[in-house]
Every structure is written in structure tokens, then in C-alpha cells.
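Residue-level structural notes
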Amino acid sequence: MSEVLRVSVPSFDTLDANIPGVVEPLTRNERAVYYCLEAARGRICPGPSLYRAIYGLKPECDMPDETIIRVYISKLRQKIPNINIITHWGIGYSLEDVK
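So, here's what we can say about the structure. (Residues numbered from 1 in each chain as written. Predicted model: local features only at pLDDT ≥ 70, side-chain atom pairs only at ≥ 80, totals over all residues. Heavy atoms only, no water.)

**Topic: the packing of helix H2 (residues 47-55) against helix H3 (residues 67-79)**
Here is the rule: Structural elements are reduced to axes, namely lines fitted to C-alpha atoms, with helices fitted over the stretch in contact, and the angle between N-to-C directions of any two is expressed from 0 to 180 degrees. Strands are runs of DSSP state E lasting at least two residues, helices are runs of H or I lasting at least four, and both sets are numbered from the N terminus onward. Convention used here: angles under 35 degrees read as roughly parallel, angles over 145 as roughly antiparallel, angles from 65 to 115 as roughly perpendicular, and any remaining angle as oblique. Pairs of residues are marked as contacts when any of their non-hydrogen atoms sit within 4.5 Å. Gly is placed with the polar residues, together with every amino acid not listed as nonpolar (Ala, Val, Leu, Ile, Met, Phe, Trp, Tyr, Cys and Pro) or charged (Asp, Glu, Lys and Arg).
Two elements in contact, H2 and H3, have axes whose closest approach is 11 Å; the angle formed by their N-to-C orientations is 80°. As judged from the angle between their axes, H2 and H3 are roughly perpendicular. Only Ile 68, Ile 69 and Tyr 72 of H3 make contact with H2, whose side of the interface consists of Leu 50, Tyr 51, Ile 54 and Tyr 55. For the contact of H2 with H3, the per-class residue count stands at seven nonpolar, no polar and no charged.

**With respect to the packing of helix H1 (residues 28-39) against H3**
The geometry of H1 relative to H3 is characterised by a closest axis approach of 10 Å and an angle of 85° between their N-to-C directions. Here H1 is positioned roughly perpendicular relative to H3, judged by the angle of their axes. Mapping the contact onto sequence places Asn 29, Glu 30, Val 33, Tyr 34 and Leu 37 in H1 and Tyr 72, Ile 73, Lys 75, Leu 76 and Lys 79 in H3. Per-class residue counts for the contact of H1 with H3 are six nonpolar, one polar and three charged.

**A closer look at the nonpolar core**
Grouped burial of nonpolar side chains is what soluble globular proteins tend to show. This is how the line gets drawn: To form a nonpolar core, buried Ala, Val, Leu, Ile, Met, Phe, Trp, Tyr and Cys residues must be joined to one another through side-chain atoms within 4.5 Å. Burial classification: accessible surface area is computed with a 1.4 Å probe over protein chains only, and a residue below 20% of its type maximum counts as buried, one above 50% as exposed, and the rest as partly exposed.
By size, the foremost hydrophobic cluster in this structure holds 23 residues, and its most contacted members are Val 33, Tyr 34, Leu 37, Leu 50, Leu 76 and Ile 85. Secondary structure elements with two or more residues in this core: H1, H2, H3, strand E2 (83-88) and strand E3 (92-97). With six residues, H1 is the single largest residue contributor to this core. The residues contacting Val 33, other than those within four sequence positions of it, are Leu 50, Ile 54, Tyr 72, Ile 73 and Leu 76.

**Structural notes on the pattern of salt bridges**
Which entries qualify depends on this criterion: The salt bridge definition used is simple: a Lys or Arg side-chain nitrogen within 4 Å of an Asp or Glu carboxyl oxygen.
On inspection of all chains with the given rule, the structure shows two salt bridges. Between Glu 38 and Arg 41 there is a salt bridge, with the nearest N and O atoms lying 2.8 Å from each other. Of the residues examined, Arg 41 reaches a relative accessible area of 31% and is grouped as partly exposed.

**Digging into the state of the cysteines**
Let me state the cut-off plainly: Disulfide assignment relies on a single distance test, namely cysteine sulfur atoms paired within 2.5 Å.
Per the counting criterion, the structure on display carries zero disulfides. With no disulfide of its own, Cys 36 lies closest to Cys 45 among cysteine sulfurs, the gap being 3.1 Å. For Cys 36, a relative accessible area of 0% gives the class buried. Residue classification places Cys 45 among the buried residues on the basis of a relative accessible area of 0%.

Dropping the structure here:
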């Protein structure tokens, strides 16, 4: 079983200024995914951690469709072009700087 990261996600829009390279404002859920990935930088952020960051779900609850995480990852890739989000199929995602 993968470890679930607990991340506190600030909800106000001024925090986008603290994310280097943002070219378009992030939604609250996109910001939640970004901060979860940032908290796990250098490691894989498992899917349940991303769901928890967005929805605050307990691990034993039913998870929403996995495709919603893919949508948020896709939007982050568009809105923050200077980061590299690596997909680890069946496990989660990791965050790296673009070289």
C-alpha cells in the first residue's frame, strides 16, 4: 500500500505568484495537485495523495474517476511550462524542473 501524503493547500489566488513560471491562474484543484506534487518533489506522489489533496477523502472512501487527476495534470503542464510532471503509470506522478 502506498503512503498517502497530507498536504495543506492554501486557497487564495495570490499564491500563484509563488509558483515559478505560471502563465495562467490556477484553479483551487489545480493548485491542490501542484502543492501535493511539490511536497513530494524527488519522489512519486501516489494517486491517493492527489485525491486527498483535492477532495479531502479518507483512504477507505470510494475514489472519483482516475481521469480527473489526468485532466488536472494536463492543465498544470499547460499553465506551468517550466516544470516536468512525470507519469508513473499505475502509481502516481512526480515533479521535476525542466532542464
